[in-house]
Amino acid sequence: MARVKRGVTAHAKHKKVIKAAKGFMGSRKNTIRIAKQAVEKADQYAYRDRKVRKRNFRSLWIQRINAAAREHGLTYGRFIDGLAKAGIELDRKVMSDMAIHEPEAFAKLVEQSKAKLSYLKDTTPNAFESAVR
């Protein structure tokens, strides 16, 4: 059986790692042993941060909805509670977009939410006024 020389394969593997390390500083970009570690760590960060990006966007959407709801006299929590009771199922991304680009449509959502929160009027005095200004 003939001997297999592995130079071509090793060179291709190294080239792949060095290409992935493009833009790194110092020996992290051109020394294979260090570049391999740096690329592996970068991949770990990328995997983790794909999840974190989703959290950050949800947080941003909630902040925007809260700001828009407060302009109409509701807090975010009461607004979402009212929508749930009204049976309106919109995700936060869409509501955030509505709050920015279609304020009159968002105002109608707030009105529907307030209508479903009217049960607070009957249960405790002043609770409704503190919840819905």
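As the structure is a computational prediction, the values presented were derived from the model and not from experiment. (Residues numbered from 1 in each chain as written. Predicted model: local features only at pLDDT ≥ 70, side-chain atom pairs only at ≥ 80, totals over all residues. Heavy atoms only, no water.)

**Focus on the packing of helix α2 (residues 32-71) against helix α4 (residues 92-101)**
Rules: To obtain an axis, a line is fitted to C-alpha atoms, over the contacting stretch when the element is a helix, and the angle between two such axes runs from 0 to 180 degrees between their N-to-C directions. Only DSSP runs of H or I with at least four residues qualify as helices, and only runs of E with at least two residues qualify as strands; both kinds are numbered from the N terminus onward. Note on terminology: angles under 35 degrees are roughly parallel, angles over 145 are roughly antiparallel, angles of 65 to 115 are roughly perpendicular, and the others are oblique. Left-handed describes a crossing in which the near helix is turned anticlockwise from the far one by less than a right angle; the clockwise case is right-handed. Note on definitions: a residue-residue contact is assigned when non-hydrogen atoms from the two residues lie within 4.5 Å. For this classification, Asp, Glu, Lys and Arg are treated as charged, while Ala, Val, Leu, Ile, Met, Phe, Trp, Tyr, Cys and Pro are nonpolar and the rest, including Gly, are polar.
Packing of α2 against α4 brings their axes to within 9 Å, and their N-to-C directions diverge by 45 degrees. Of the possible angle classes, the one that applies to α2 and α4 is oblique. In this structure, the crossing between α2 and α4 has a hand that is left-handed. In this structure, α2 uses Arg58, Trp61, Ile62, Arg64, Ile65 and Ala68 to contact α4, whose residues at the interface are Arg92, Lys93, Met95, Ser96, Ala99 and Ile100. Each residue belonging to the contact of α2 with α4 can be placed in one class, and the counts come to seven nonpolar, one polar and four charged.

**Concerning the nonpolar core**
We count it as follows: In these notes, a set of buried Ala, Val, Leu, Ile, Met, Phe, Trp, Tyr and Cys residues joined through side-chain atoms within 4.5 Å is what counts as a nonpolar core. The cut-offs for exposure are 20% and 50% of the maximum accessible area for each residue type, with area from a 1.4 Å probe on protein chains only; residues under the lower value are buried, those over the upper are exposed, and the others partly exposed.
In this structure, Ile65, Leu74, Phe79, Met95, Phe106 and Leu109 are the most contacted members of the largest nonpolar core, which totals 15 residues. Of all elements in the fold, only α2, α3 (76-86), α4 and α5 (103-116) reach the threshold of two or more residues within this core.

**Considerations on the confidence of the model for the protein chain**
As a reminder, the rule being used: Scored between 0 and 100, pLDDT is the confidence that the predictor attaches to each residue.
The pLDDT averaged across the protein chain works out to 91; a share of 91% of its residues lies at or above 70. Summarising per-element confidence for the protein chain, the mean pLDDT is lowest in helix α7 (residues 127-131) (60) and highest in α2 (97).

**A few points about the pattern of salt bridges**
To keep it simple, the criterion reads: Here a salt bridge means any side-chain nitrogen of Lys or Arg lying within 4 Å of a carboxyl oxygen belonging to Asp or Glu.
Using the criterion set out here, one finds two salt bridges in the structure. One salt bridge connects Arg48 with Asp49, and the closest N-O pair in it is separated by 2.9 Å. Residue classification places Arg48 among the partly exposed positions, given a relative accessible area of 44%. Under the relative-accessibility criterion, Asp49 is labelled partly exposed at 32%. Between Lys85 and Asp81 there is a salt bridge, and its shortest N-O distance comes to 2.6 Å. Taken together, the residues span about one helical turn, with Lys85 and Asp81 both in helix α3 at a distance of four residues. With relative accessibility at 42%, the residue Lys85 sits in the partly exposed group.

**Considerations on the side chain of Ser113**
Structurally, Ser113 is set in helix α5. Assessed through its relative accessible area of 0%, Ser113 is described here as buried. Sequence-distant contacts of Ser113, that is, excluding residues within four places in its chain, are made with Leu74, Arg78, Phe79, Gly82 and Leu83.

**Details of the packing of aromatic side chains**
The test is simple: Side-chain rings of Phe, Tyr and Trp (the six-membered ring for Trp) are treated as a pair once their centres are within 6.5 Å; stacked means planes under 30 degrees apart, edge-to-face means over 60, and tilted covers the remaining angles. Either the NZ atom of lysine or the CZ atom of arginine qualifies as a charge over a ring when it sits within 6 Å of the ring centre and within 35 degrees of the ring normal.
In the structure shown here, the tally under the stated rule is two aromatic pairs. With centroids separated by 6.0 Å and ring planes inclined at 40 degrees, the aromatic side chains of Phe57 and Trp61 adopt a geometry described as tilted. Residue Phe57 and its partner Trp61 are both found in helix α2; the two are separated by four residues, about one turn of the helix. When the ring of Phe79 is compared with that of Phe106, the centres are 5.2 Å apart and the planes differ by 45 degrees; the resulting orientation is tilted. Note that Phe79 is positioned in helix α3 and Phe106 in helix α5, a separation of 27 residues in sequence. Considered together, Phe79 and Phe106 belong to a single accessibility category, that of buried residues. Just above the ring of Phe24 sits the side chain of Arg28; from NZ or CZ to the centre is 5.6 Å. The aromatic ring of Tyr47 is capped on one face by Lys51, whose charged end is 4.1 Å from the ring centroid.

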